[in-house]
Amino acid sequence: MSIIFDHVTHKYQEGTTMEKTALDDINLVINDGEFIGLIGHTGSGKSTLIQHMNGLLKPTSGTIYVDGEDIMEKDYSMKKLRSRVGLVFQYPEHQLFEETVVKDVQFGPKNLGLKQLEVQYRAFEALKSVGIGDDLLDASPFELSGGQKRRVAIAGVLAMKPNVLILDEPTAGLDPAGRDEILGLISKIHRESGITVILVSHSMEDVADYVDRIIVMNNATVALEGPPKAVFMHEEELKAMGLSVPQVTSIARNLAAKGLEIREDTITIEEAKEELLKIYRRATF
Ligand code: ADP
Ligand code: MG
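Engineer: Explain the site of ligand 1 to me, please; I cannot follow it from the model alone.
Structural biologist: With respect to spatial proximity, the complete set of residues near ligand 1 consists of Tyr12, Gln13, Lys20, Ala22, His41, Thr42, Gly43, Ser44, Gly45, Lys46, Ser47 and Thr48. The separation between an oxygen atom of ligand 1 and a polar main-chain atom of glycine 43 is 2.7 Å. A distance of 2.5 Å separates an oxygen atom of ligand 1 from a polar atom in the side chain of threonine 48. Contact with the protein chains removes 64% of the 560 Å² of surface that ligand 1 exposes when unbound.

Following this line, the structure appears as structure tokens:
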């Protein structure tokens, strides 16, 4: 499912002294099946942008096309849009409310008006795909660990079988192990289901290993976009936006500047290991 932003501007509290332009003439194409990292400093407009993708916010001007259809047309079904574009909010575990895990995950598909058997099947499937075992189905969401709660909340959106999965800062507040677990899970969902995934983060380290394309937002605009390796070449520009390249890229660039034969577009620990081993082998044999 493709999403196109055509000159989209969003102003909060338009016409008041509090007016704030959170999106300023955004042009963007998200292709079917892509894994996108949406990066930007706090306040750059990331959450505002993604809430336009499922119709929660409306553009002040400009047009959004989902699969070629203008979602602001009078007869466009918002209900259909929300089931196709699944949005996992920041700290989604705060929105768990049912008495059991399985009931919580069934809530969305039930609201779609699906038959009970289909609702149950989808809930089991979604919980399985986020690694929540049968032993926890009837537990209260409040008995779960922080990481488990977050996975249940993601399952609740997956159970709607969206074509696009958007996660707003899914690693916020997690320790490094929890962060890796959630990122690994999101990557697995993308790989196995082939749906479009948009991962919002203010950290380059979160997305470097995983995504096909990075979109960098700064000050209500799209400042940079491209494959991670291309985006990370703009270290100085990113710094000026309050962002940094992954530590491993920064180190590789420093070593290259000191004359070592190492690729400057090293972006993962695995690549860095390979590069350093090459240097080691050249030096010893
Ligand atoms: P991000 O998700 O990148 O941190 P947001 O989209 O939340 O950025 O915010 C973009 C800008 O819009 C910020 O300056 C923020 O203060 C402002 N903003 C966000 N939500 C509202 C709102 N409901 N009313 C007024 N201003 C808002
Ligand atoms: Mg945000």
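Don't stop here, the text continues.
Engineer: Please clarify how helix 5 (residues 146-158) should be interpreted in this entry.
Structural biologist: Given 3.6 residues per helical turn, the α-helix brings residues three or four places apart onto the same face. Compared with an ideal rise of 1.5 Å per residue, which puts 13 residues at 18 Å, helix 5 spans 19 Å between its outermost C-alpha atoms and is within 8% of the ideal. With 10 of 13 residues buried, helix 5 is to be regarded as a mostly interior element. All buried positions along helix 5 are accounted for by Gly147, Arg150, Arg151, Val152, Ala153, Ile154, Ala155, Gly156, Val157 and Leu158. On its buried side, helix 5 packs onto strand 6 (85-88), helix 3 (101-111), helix 4 (116-129), strand 7 (164-168) and helix 6 (176-193).

Engineer: Help me understand the nonpolar core, please; the structure alone is not making it clear to me.
Structural biologist: What tends to happen in soluble globular proteins is that the nonpolar side chains get buried as a cluster. By size, the foremost hydrophobic cluster in this structure holds 47 residues, and its most contacted members are Leu127, Leu165, Met204, Ile214 and Val216. Counting residues per element, this core draws most heavily on helix 5, which supplies six residues. Not counting residues within four places of it along the chain, the set of residues in contact with valine 216 comprises Ile39, Met204, Thr221, Val222, Ala223, Leu224, Val231, Leu238, Met241 and Leu243.

Engineer: Looking at this structure, I do not really get the packing of helix 5 against helix 6. What am I missing?
Structural biologist: In a pair of packed helices, the angle between the axes and the distance between the axes together describe the arrangement. One way to put it is that helix 5 packs onto helix 6 with a least axis distance of 11 Å and a crossing angle of 20°. The orientation of helix 5 with respect to helix 6, classified from their angle, is roughly parallel. Considering the relative orientation of helix 5 and helix 6, their crossing is right-handed. Contact residues: Arg150, Arg151, Ile154 and Leu158 in helix 5; Glu181, Ile182, Leu185 and Ile189 in helix 6. Taken together, the residues of the contact of helix 5 with helix 6 sort by class into five nonpolar, no polar and three charged.

Engineer: Looking at this model, I keep getting lost on the pattern of salt bridges. Mind explaining?
Structural biologist: Proximity of charged atoms lets side chains of opposite charge pair with each other. A complete count under the given rule lists 18 salt bridges for this structure. A salt bridge links glutamate 34 to arginine 213, with the shortest nitrogen-to-oxygen separation between them at 2.8 Å. Taken together, the positions of glutamate 34 in the loop between strand 2 (20-30) and strand 3 (35-40) and arginine 213 in strand 9 (residues 213-218) put the pair 179 residues apart, joining distant regions of the chain. What emerges from the salt-bridge pattern is a single network uniting Glu34, Arg213 and Glu225.

Engineer: What is the right way to read the environment of methionine 53 from this model?
Structural biologist: Within the element layout of this structure, methionine 53 appears in helix 1 (residues 46-53). Taking the relative accessible area as the measure of exposure, methionine 53 reaches 1% and is therefore buried. The spacing of methionine 53 and glycine 194 is 141 residues in sequence and 19 Å in space, taken between C-alpha atoms. Sequence-distant contacts of methionine 53, that is, excluding residues within four places in its chain, are made with Ile3, Phe5, Ile30, Leu81, Val85, Ile166 and Ile198.

Engineer: Quick question: what am I supposed to make of the sheet that holds strand 4 (residues 61-66) here?
Structural biologist: Backbone-to-backbone hydrogen bonds join strands into a sheet, with any given pair of strands oriented parallel or antiparallel. With antiparallel pairing, the four strands of this open sheet are ordered in space as 2-1-4-5. Each edge of the open sheet is held by one strand with a lone partner, namely strand 2 and strand 5 (69-70). Pairing geometry for strand 1 (residues 3-12) and strand 2, over seven bridges, is antiparallel. Opposite tyrosine 12, over in strand 2, you have lysine 20 as the bridge partner. Those strands touched by helix 1 are strand 1, strand 2 and strand 4, and its axis lies near 125° from that of strand 1.

Engineer: Help me understand the packing of aromatic side chains in this model?
Structural biologist: In this description, an aromatic ring pair is defined by two values, namely the gap between the centres and the angle between the planes. In total, this model carries one aromatic pair according to the counting rule given. Taken together, a centroid distance of 5.2 Å and an interplanar angle of 85° make the contact between phenylalanine 97 and phenylalanine 107 edge-to-face. One end of the pair, phenylalanine 97, is in the loop between strand 6 and helix 3; the other, phenylalanine 107, is in helix 3, and 10 residues separate them in sequence. A relative accessible area of 49% means that phenylalanine 97 is categorised as partly exposed. Here phenylalanine 107 falls in the partly exposed class, since its relative accessible area comes to 36%.

Engineer: How should unusual backbone geometry be read in this particular structure?
Structural biologist: Glycine aside, negative phi is the norm for most residues, and most peptide bonds take the trans geometry. Located in the positive-phi region is aspartate 67, a residue other than glycine, with phi close to 50°. Aspartate 67 sits in the partly exposed class, given a relative accessible area of 39%. The residue glutamate 169 is not glycine, and still its phi comes out positive at about 45°. Tracing the sequence through the fold places glutamate 169 in the loop between strand 7 and helix 6.

Engineer: Hey, could you run me through the pairing of strand 7 in this one?
Structural biologist: Both faces of the sheet carry side chains from a regular strand, because those side chains alternate between them. Burial analysis of strand 7 places five of its five residues in the buried class, which makes it a mostly covered element. On strand 7, burial covers both faces: Val164, Ile166 and Asp168 on one face and Leu165 and Leu167 on the other are all buried. The pairing of strand 6 with strand 7 spans four bridges and is parallel. When the bridges of strand 7 are listed, valine 88 appears paired with leucine 167. Taken together, the five bridges between strand 7 and strand 8 (residues 196-201) define a ladder with parallel strand orientation.

Reading the values: the criteria
Residues numbered from 1 in each chain as written. Chains lettered and ligands numbered in written order. Predicted model: local features only at pLDDT ≥ 70, side-chain atom pairs only at ≥ 80, totals over all residues. Heavy atoms only, no water. Near = heavy atom within 4 Å. Polar contact = N/O pair within 3.5 Å; in protein donor to acceptor, adjacent residues only side chain to side chain. Areas by Shrake-Rupley, 256 points an atom, 1.4 Å probe, with all protein chains shown as cover. Helix = DSSP H or I, 4+ residues; strand = E, 2+ residues; numbered from the N terminus. Expected span 1.5 Å × (residues − 1). Buried < 20%, exposed > 50% of the residue type's maximum accessible area, 1.4 Å probe, protein only. Contact = heavy atoms within 4.5 Å. Core = buried A, V, L, I, M, F, W, Y, C linked by side-chain atoms within 4.5 Å. Axes fitted to C-alpha atoms, helices over the stretch in contact; angles between N-to-C directions. Parallel < 35°, antiparallel > 145°, perpendicular 65-115°, else oblique. Left-handed = near helix turned anticlockwise from the far one by under 90°. Nonpolar A, V, L, I, M, F, W, Y, C, P; charged D, E, K, R; others polar. Salt bridge = Lys/Arg side-chain N within 4 Å of Asp/Glu carboxyl O. Pairing = 2+ DSSP bridges. Phe/Tyr/Trp six-rings, centres within 6.5 Å; stacked < 30°, edge-to-face > 60°.

Just geometry here; none of it tells us what the structure is for.
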